Amino acid sequence: MSPGRALVDDTDRALIRALRADGRLSVRALAEQVHISRANAYARLERLLEAGVITGFSAQVAPEHLGLGTSAYVSVSIEQNTWKPVAAALRRVPAVERVALVGAEFDALVTVRCRDNHELRDTVLEQIQAIPGVKATRTWLIFEETDVRDLAQGEH
């Protein structure tokens, strides 16, 4: 185990699985579901939060219900030694949902959510490609997405 990493046991994994299925669970319901005491569940949850194993709680939203009918993955190739400023600039683009540094023939994979194809075009051509350090982009439209964790919930 590397320094700074928290040790996570089977009970912690069960807590995490339960919270990933329903992040709104109360500590009481979480304890009942994992078959531990409330005090134990609370202590473990606090430890997992403090150690950075659990980084936060959020609502999953269907983008189309927010008027974001077009989604795409955009690969970004960047100039050497420009990752930090490029990543910071990408995070400031309103349509950018996620930025990942990758080991591939390109340097970053960006998830973009837009109202339509025109907004996607403007986001890629006028905002992302205009970032200093960006050499090239390639865009893949997302036709359908499935969160595999949602599918797995019926198996547990």
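This report concerns the structure included in the present document. Since we're looking at a predicted model, the values are computed, not measured.

Reading the values: rules and limits
- Here, residues in each chain are numbered from 1, in the same order as that chain's written sequence.
- Residues qualify for local features only when their pLDDT is at least 70, as the model is predicted, and side-chain atom pairs are given and counted only at 80 or more; totals for whole chains, interfaces and linings, by contrast, use all residues.
- By convention in this description, side-chain values take in all heavy atoms of the structure and omit both hydrogens and water.
- The criterion for an aromatic pair is that two Phe, Tyr or Trp rings (for Trp, the six-membered ring) have centres within 6.5 Å, with stacked assigned to planes under 30 degrees apart, edge-to-face to planes over 60 apart and tilted to the rest.
- Only runs of H or I of at least four residues qualify as helices and only runs of E of at least two qualify as strands under DSSP, and these elements are numbered from the N terminus.
- Relative accessibility under 20% of the residue-type maximum defines a buried residue, over 50% an exposed one, and the middle range a partly exposed one, all with a 1.4 Å probe and only protein chains included.
- We count a salt bridge whenever a side-chain nitrogen from Lys or Arg sits within 4 Å of a carboxyl oxygen from Asp or Glu.
- At least two DSSP bridges between two strands are needed for those strands to be called paired.
- Axis lines are fitted to C-alpha atoms, over the contacting stretch for helices. Their N-to-C directions set the angle, which ranges from 0 to 180 degrees.
- Every residue pair with non-hydrogen atoms within 4.5 Å of one another is taken to be in contact.
- In plain words, nonpolar cores are sets of buried Ala, Val, Leu, Ile, Met, Phe, Trp, Tyr and Cys residues tied together by side-chain atoms within 4.5 Å.
- We call two directions roughly parallel when the angle between them is under 35 degrees, roughly antiparallel when it is over 145, roughly perpendicular when it lies between 65 and 115, and oblique otherwise.
- Under the convention adopted here, Pro, Cys and the residues Ala, Val, Leu, Ile, Met, Phe, Trp and Tyr are nonpolar, Asp, Glu, Lys and Arg are charged, and Gly plus all remaining residues are polar.

## Focus: the packing of aromatic side chains
Part 1 of the argument: Across all of its chains, the model carries one aromatic pair by this definition.
Part 2 of the argument: A ring pair is formed by Phe 106 and Trp 140, whose centres lie 6.1 Å apart and whose planes are at 50°; its orientation type is tilted. One end of the pair, Phe 106, is in the loop between strand S2 (96–101) and strand S3 (108–114); the other, Trp 140, is in strand S4 (residues 134–142), and 34 residues separate them in sequence.
Part 3 of the argument: You can call Phe 106 buried: its relative accessible area is 14%.

## Here we look at the pattern of salt bridges
Part 1 of the argument: Under the defined criterion, the tally for this structure stands at 10 salt bridges.
Part 2 of the argument: Asp 22 serves as the salt-bridge partner of Arg 24, at 3.6 Å between the closest nitrogen and oxygen.
Part 3 of the argument: With a relative accessible area of 76%, Arg 24 lands in the exposed category.
Part 4 of the argument: Judged by its relative accessible area of 29%, Asp 22 is partly exposed.
Part 5 of the argument: For Glu 145, the salt bridge identified is with Arg 113, shortest N-O distance 2.6 Å. Remark: Arg 113 occurs in strand S3 and Glu 145 occurs in the loop between S4 and helix H6 (148–152); sequence separation between them is 32 residues.

## Observations concerning the sheet that holds S2
Part 1 of the argument: Within the open sheet, the four strands sit side by side as S2-S3-S1-S4. Their pairing is antiparallel. Every other strand in the sheet has two partners, leaving S2 and S4 as the edge strands with one partner each. Ignoring which end each strand starts from, the neighbouring axes of this sheet average 20° apart.
Part 2 of the argument: Sheet topology places strand S1 (residues 70–78) next to S3; seven bridges connect them, and they run antiparallel. Opposite Val 76, over in S3, you have Ala 108 as the bridge partner.
Part 3 of the argument: The sheet contacts of helix H4 (residues 83–92) involve S1, S2, S3 and S4, and relative to S2 the element is tilted by about 165°.

## Quick look at the nonpolar core
Part 1 of the argument: Core analysis: the biggest nonpolar cluster contains 19 residues, and Val 76, Val 110, Val 112 and Ile 131 have the highest contact counts within it.
Part 2 of the argument: Among the elements of the structure, S1, H4, S3 and helix H5 (117–128) are those that each provide at least two residues to this core.
Part 3 of the argument: Judged by nonpolar contacts, the second largest core, of 14 residues, contains Val 8, Ala 14, Ala 18 and Ala 41.

## What about the packing of helix H2 (residues 27–34) against helix H3 (residues 38–50)?
Part 1 of the argument: One way to put it is that H2 packs onto H3 with a least axis distance of 8 Å and a crossing angle of 105°. In this view, H2 runs roughly perpendicular relative to H3, as classed from their interaxial angle. Here H2 contributes Val 27, Arg 28, Leu 30 and Ala 31 to the contact with H3, which in turn contributes Arg 38, Ala 41, Tyr 42 and Leu 45.
Part 2 of the argument: Among the residues forming the contact of H2 with H3, the class breakdown is six nonpolar, no polar and two charged.

## What about the side chain of Ser 75?
Part 1 of the argument: For Ser 75, the position within the fold is in strand S1.
Part 2 of the argument: What Ser 75 contacts, discounting residues up to four positions off in sequence, is Phe 106, Ala 108, Leu 109, Ala 136, Thr 137, Arg 138 and Trp 140.

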